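# Tertiary structure, described
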Amino acid sequence: GLSDEMAEHIYVRLTEAMHEKKLFTNAELSLADLAFHLSVHPNYLSQVINTFEEKSFFDYINALRIEEFKRLADQPENQKYTLLGLAYDCGFNSKTSFNRNFKKATGLAPSEYLKQTEATFA
């Protein structure tokens, strides 16, 4: 099995990889790919994400993508891009997936969220 110490170590490496390398921006990222990158068994990685983030792999990755979208949307220099362009840059591979996951995470459609933040996009 996976010890608490080992799980914590995997979680630290996972968090570092996500924040430094932004692996979640790869639209094709799978649990197996991420596990390979971290040199851990996919089952262990899944267990770590479920335990520490209380989310499934896909919910975890999509939450990171949404936070990245919000970060990019808040930068005035990115307002020349479309919402969909930014969503693709964050790792979403379709407008439907982006809209569905954004609303699930924030309770708002992306356009409603941006109205609240007063960001204007192309």
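Everything below is about the structure printed above this text.
Quantities reported herein were computed from a predicted structural model and do not represent experimental measurements. (Residues numbered from 1 in each chain as written. Predicted model: local features only at pLDDT ≥ 70, side-chain atom pairs only at ≥ 80, totals over all residues. Heavy atoms only, no water.)

Right, let's talk about the environment of Leu23 for a bit. Along the chain, Leu23 turns up in the loop between helix H1 (4-21) and helix H2 (31-38). The buried category is assigned to Leu23, whose relative accessible area is 18%. Residues Leu23 and Phe98, 75 residues apart in the sequence, show an inter-C-alpha distance of 17 Å. With residues near it in sequence (within four places) discarded, Leu23 still touches Ala17, Met18, Leu29, Leu34 and His37. (Helix = DSSP H or I, 4+ residues; strand = E, 2+ residues; numbered from the N terminus. Buried < 20%, exposed > 50% of the residue type's maximum accessible area, 1.4 Å probe, protein only. Contact = heavy atoms within 4.5 Å.)

Summed over the entire model, instances satisfying the criterion amount to 4 salt bridges. We note a salt bridge from Lys22 to Glu68, for which the minimum N-O separation is 3.3 Å. A residue pair is termed long-range when its members are at least 10 positions apart, and Lys22 in the loop between H1 and H2 and Glu68 in helix H4 (residues 57-73) qualify at 46 residues. Salt-bridge contacts for Lys104 lead to Asp59; the nearest nitrogen and oxygen are separated by 3.0 Å. Linking Lys104 in helix H6 (residues 95-106) with Asp59 in helix H4, this pair joins segments that are 45 residues apart in sequence. Take Asp59: its relative accessible area is 29%, and that puts it in the partly exposed class. Residues participating in the shared-partner salt-bridge network are Lys22, Glu68 and Arg71. (Salt bridge = Lys/Arg side-chain N within 4 Å of Asp/Glu carboxyl O.)

Nothing here speaks to function; it is geometry throughout.
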